[in-house]
Amino acid sequence: MSLPTDTPTPQASRVRRFGRTQRWVHRTTAALMGVCVLTAACLYVPQLAELVGRRELVVRVHEWAGLALPVPVLAGLASRAFRADLRFLNRFGPHDRVWLRAALRRDKRTASRPAGKFNAGQKLYAAWIAGATLVMLGTGLLMWFTHLTPIQWRTSATFVHDWLALTVGIVLGGHIGMALGDPEARRGLRTGKVSREWAEREHPLWRP
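None of the values given here were measured: they were computed from a predicted structure.

Thresholds, definitions, all that
Residues numbered from 1 in each chain as written. Predicted model: local features only at pLDDT ≥ 70, side-chain atom pairs only at ≥ 80, totals over all residues. Heavy atoms only, no water. Axes fitted to C-alpha atoms, helices over the stretch in contact; angles between N-to-C directions. Helix = DSSP H or I, 4+ residues; strand = E, 2+ residues; numbered from the N terminus. Parallel < 35°, antiparallel > 145°, perpendicular 65-115°, else oblique. Contact = heavy atoms within 4.5 Å. Polar contact = N/O pair within 3.5 Å; in protein donor to acceptor, adjacent residues only side chain to side chain. Buried < 20%, exposed > 50% of the residue type's maximum accessible area, 1.4 Å probe, protein only. Core = buried A, V, L, I, M, F, W, Y, C linked by side-chain atoms within 4.5 Å. Salt bridge = Lys/Arg side-chain N within 4 Å of Asp/Glu carboxyl O. Phe/Tyr/Trp six-rings, centres within 6.5 Å; stacked < 30°, edge-to-face > 60°. Lys NZ or Arg CZ within 6 Å of the ring centre and 35° of its normal.

(A) Looking closely at the packing of helix H1 (residues 20-44) against helix H9 (residues 183-191). Here H1 crosses H9 at 105°, and the two axes come no closer than 8 Å. Taken together, H1 and H9 sit at an angle that is classed as roughly perpendicular. Across the interface between the two elements, Arg23, His26 and Arg27 from H1 touch Gly188, Leu189, Arg190 and Thr191 from H9.

(B) The arrangement of the side chain of aspartate 107 in detail. Relative to the assigned elements, aspartate 107 resides in the loop between helix H6 (94-104) and helix H7 (120-144). A distance of 2.7 Å separates polar atoms of two side chains, one belonging to aspartate 107 and the other to arginine 109. Among the polar contacts made by the side chain of aspartate 107, one reaches the side chain of serine 112 at a distance of 3.3 Å. In this structure aspartate 107 touches Ala102, Ser112 and Arg113, once residues within four positions along its chain are discounted.

(C) Quick peek at the environment of leucine 86. Note on placement: leucine 86 falls in helix H5 (residues 80-89). Leucine 86 sits in the partly exposed class, given a relative accessible area of 32%. Each C-alpha atom, one on leucine 86 and one on alanine 126, is 9.4 Å from the other, the two residues being 40 residues apart in sequence.

(D) Region of the structure containing the side chain of histidine 203. Of note, histidine 203 is situated in the segment after helix H10 (196-202). A relative accessible area of 2% means that histidine 203 is categorised as buried. A distance of 3.2 Å separates the side chain of histidine 203 from the backbone oxygen of lysine 117, its partner in a polar contact. Histidine 203 has contacts with Arg17, Ala115, Gly116, Lys117, Phe118, Asn119, Gln122 and Trp198, leaving out every residue within four places of it along the chain.

(E) View of the environment of isoleucine 129. In this structure, isoleucine 129 sits in helix H7. Taking the C-alpha atoms as reference, isoleucine 129 lies 8.9 Å from leucine 172; in sequence the two are 43 residues apart. Each residue touching isoleucine 129, except ones within four places of it in the same chain, is listed here: Met33, Val168 and Leu172.

(F) Main features of the nonpolar core. Core analysis: the biggest nonpolar cluster contains nine residues, these being Leu32, Met33, Leu69, Ile129, Ala132, Met136, Leu164, Val168 and Leu172. Breaking this core down by element, the ones donating at least two residues are H1, H7 and helix H8 (151-180). Membership of the second largest hydrophobic core comes to five residues, among which are Val194, Trp198, Ala199 and Trp206.

(G) Structural detail: the pattern of salt bridges. Scanning the entire structure with this criterion turns up nine salt bridges. A salt bridge links arginine 105 to aspartate 107; its shortest N-O distance comes to 4.0 Å. The class of arginine 105 is exposed, set by a relative accessible area of 55%. Ionic contacts of the salt-bridge type, sharing partners, join the residues Arg14, Glu184 and Arg187 into one network.

(H) Broad picture of the packing of aromatic side chains. This model, assessed by the stated rule, comprises four aromatic pairs. Aromatic pair tryptophan 64 and tryptophan 144: ring centres 5.6 Å apart, planes at 85°, arrangement edge-to-face. With tryptophan 64 in helix H3 (residues 55-68) and tryptophan 144 in helix H7, this residue pair connects regions lying 80 residues apart in the sequence. Relative accessible area serves as the criterion here: at 24%, tryptophan 144 is assigned to the partly exposed category. For the ring pair tryptophan 144 and phenylalanine 145, a centre distance of 5.3 Å and an interplane angle of 20° mean the geometry is stacked. An aromatic cluster of three or more residues is present, and its members are Trp64, Trp144 and Phe145. Positioned over the ring face of tryptophan 206 is arginine 17, at 5.1 Å from the centre of the ring.

(I) Geometry of unusual backbone geometry. Of note in this structure, arginine 106 is not a glycine but carries a positive phi near 60°. You can see arginine 106 is positioned in the loop between H6 and H7.

These figures capture arrangement, not role.
Quick look at the structure:
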């Protein structure tokens, strides 16, 4: 009989999934993204703006958190293990297309969703959030340094920034929801190790 998900697994049956650097990058990026989302909500939702007040301070915190958002990833590039994970995330193979077709069909059978260290959904999310972060950073800079660009650029940047921010919030909500539904995946990001049973079931092509 398999162990319940929340039951501690014996150390011998656990495998290393993430090192210290990967976990630090994830936590720091998540914290900065959380600050950006919360401060954005306080700027755009009237009820929150009235509750928090101090708009100028909220704007400054939002700006500096946004500027710092790429820093954890850039610092993580010094780690060989982190660079290896980025290569895994950046490569799509035939098994990833099989995984995506199964996901679109809502086929949850393990055999129909082959995955390496990262599945196709995680790869797509990583690529999308990285691109969105760069666009948010660029449009945010255009909005910040208003004297450097024409008003048409600033208006377009504000439009893109605001609507992309809403999309980021929705996607992050989905990401958090999926994480809440998989305690073992969260444990892997918290401790660096996962159960061998989970690894073989969810990532059968991964060879730790």
